[in-house]
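Per-entry structural report
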Amino acid sequence: MPSFEFEGRSLEVDEDGFIQNPDEWDDDVALALAKTEGVDELSEEHWKLVRYLRDYYLQFGIAPMIRKLCKATGFSLKQVYELFPSGPAKGACKVAGLPKPTGCV
Amino acid sequence: MAEPKKYDTPLLDELEKGAFPSFVTEIKRMADRKPMAADLLGQLENSYRDKIGYWKHGGLVGVMGYGGGVIGRYSAKNEEYPEVSHFHTIRVNQPSGWFYSTEKLRLLCDIWDRHGSGLTNMHGSTGDIVFLGTRTEELEPVFSELTENGFDLGGSGSCMRTPSCCVGPGRCEWALYDTLALTYQLTMDFQDEMHRPPFPYKFKFKMAGCPNDCVASIARADMSIIGTWRDEIKIDAAKLKSEYIDKGVDIQSDVCDMCPTGCMKFDGETLDIDNSNCTKCMHCINVLHHALRPGDDRGACILVGSKAPIVEGALLSSVIVPFIKLETPKEGEDAYPELMDLVERMWDFWGENGKNRERIGEMIQRIGLGNFLEEIEVDPIPEMIVHPRTNPYIFFEEYYEDDDEDE
């Protein structure tokens, strides 16, 4: 299992950089992961997205559908990509410490 | 660069026997000089031996700014086959009708040879060019080279997938609208919907120039756009005589008797078609192609909902708009306004009401066609019916009061 190291901490991640142990996630982890997805700082808007994703995941055990994410946070999909250029799945969900969303492509 | 390993592949070799070509031959050719292709053979042979696939589930890679276009793939046996530890697929949007210059083909091959396994599918089922097998660090460089040369990625995930079409007016005398132009327009108008997945699940457009439907759009597209006409089949009596009657073609058996609605009559000299009962199947035109032509009042039929067996069973598309004009837009004109408006209404409703990973056809089955039509503001018409009812009982909604119980 690869590991993600930052500030003296070491977290287990999968080959795409998603953390394997949800209990290990905190705001510092989010910041560190954000840097790997081209986001140097997390603004109010970033945190709004991340907190929504995290809360939804803790409540329902899965990531929300994209339309729901946009409606609930008030962001358009365009804005989501502006905040997280690698997208809601690869970017935002990873930063929020969710397990990797899977699905048929 | 490591030398490609040589693997013993007795099981894969079996596929090369017999009359038909095998993908194994292609991979072997590449395996002579590409370690990735060599290890691919090794892992595949291993899979055949153990009867287990050795690709890990999932994989989320891509290029910045896009939410799709790359299919992540990791080997579950990366220690034995290190050259395929990453084996991601890049989907490249094909040109309309799959027309290429040799220069562009060589360019694509050159890009891929330098950055990936060198293996391609021309083309995947949806229509994209498939670049099969590369590493994560090669994704952005490939994307740069592709876009610098006029190419782009295709769609993957819960998005509008890359639209595709038949050869249309490019090469075919039966193209009843410009499939190439419409496909290009859909691609350009819906770039957001293609590259940044916004839907409950995938959505495919396929454009066929005539009811021969050479792209099988009626079976493979969420929205099938099939060329048709609404006036009369044109008959050239002289050609009918010289090419068919005089050459002994049995028009009665091979054409009239095969007509699905039995709307044709032949008296040995003259062919008579009752066009009001013609269902535009193309059979007579296909057989008597020197003498028969589709009518001149041309457009397309729009059907919706087809999909493959997973999850709730295979569906064929059903008619939603029996006839629509699809004139290729001139400079400065709005492109296909009626069609685009219908698409937006359908997407709005499906986006709002579709369950996760529910295709639009499955949603229509679930909520009922009547409800769907009401929501997208399309009037129900007889052309939407596949066959008449078999149940004689009718529920008269307007006579039902809220407090009526079963009496």
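Here the structure is a predicted model, which is why all the values come from computation and not from measurement. (Residues numbered from 1 in each chain as written. Chains lettered and ligands numbered in written order. Predicted model: local features only at pLDDT ≥ 70, side-chain atom pairs only at ≥ 80, totals over all residues.)

Residue and element names in this part refer to chain B. With antiparallel pairing, four strands are arranged side by side in an open sheet as β1-β2-β4-β3. Because the sheet does not close on itself, it has two edges, and the strands there are β1 (70-71) and β3 (119-122). In this structure, β3 lies alongside strand β4 (residues 129-134), joined through four bridges in antiparallel fashion. Of the residues in β4, the one forming a bridge with Asn 121 is Val 130. Contacts from helix α5 (residues 139-148) reach β1, β2 (88-92) and β4, with the element oriented near 15° to β2. (Pairing = 2+ DSSP bridges. Helix = DSSP H or I, 4+ residues; strand = E, 2+ residues; numbered from the N terminus. Contact = placed C-beta atoms within 7 Å. Axes fitted to C-alpha atoms, helices over the stretch in contact; angles between N-to-C directions.)

All right, on to the sheet that holds strand β13 (residues 318-324) of chain B then. Residues and elements named next belong to chain B. Read from one edge of the open sheet, five strands run β5-β6-β7-β12-β13, paired in mixed fashion. One side of each edge strand has no neighbouring strand; the edge strands of this open sheet are β5 (164-165) and β13. Two strands pair when backbone bridges link them, and strand β7 (residues 223-229) and strand β12 (residues 298-304) are joined in this way by seven bridges, in the antiparallel orientation. Residue pairing across strands places Thr 228 opposite Gly 299, the latter belonging to β12. Taken strand by strand, helix α6 (residues 179-189) contacts β5, β6 (205-208) and β7, and its axis lies near 165° from that of β6.

Another aspect to go through is the interface of chain A and chain B. With 18 residues of chain A in contact, the opposing surface of chain B contributes 21 residues. Looking at the side of chain A that touches chain B, the elements with two or more residues in it are α3 (66-73), α4 (77-83) and α5 (87-95) of chain A. Ranked by residue count, the leading element in the side of chain A that touches chain B is α5(A), at four residues. Counted by class, the side of chain A that touches chain B contains eight nonpolar, five polar and five charged residues. (Nonpolar A, V, L, I, M, F, W, Y, C, P; charged D, E, K, R; others polar.)

Taken residue by residue, chain B gives an average pLDDT of 95. The fraction at 70 or more is 98%. Per the prediction output, this complex has pTM 0.94; the corresponding ipTM is 0.94. (pLDDT = per-residue confidence, 0-100.)

All names here are of chain B. Of note, Gly 133 is situated in strand β4. Taking the C-alpha atoms as reference, Gly 133 lies 13 Å from Gln 43; in sequence the two are 90 residues apart. Not counting residues within four places of it along the chain, the set of residues in contact with Gly 133 comprises Met 36, Leu 40, Val 84, Phe 87, Gly 116, Ser 117 and Leu 119.

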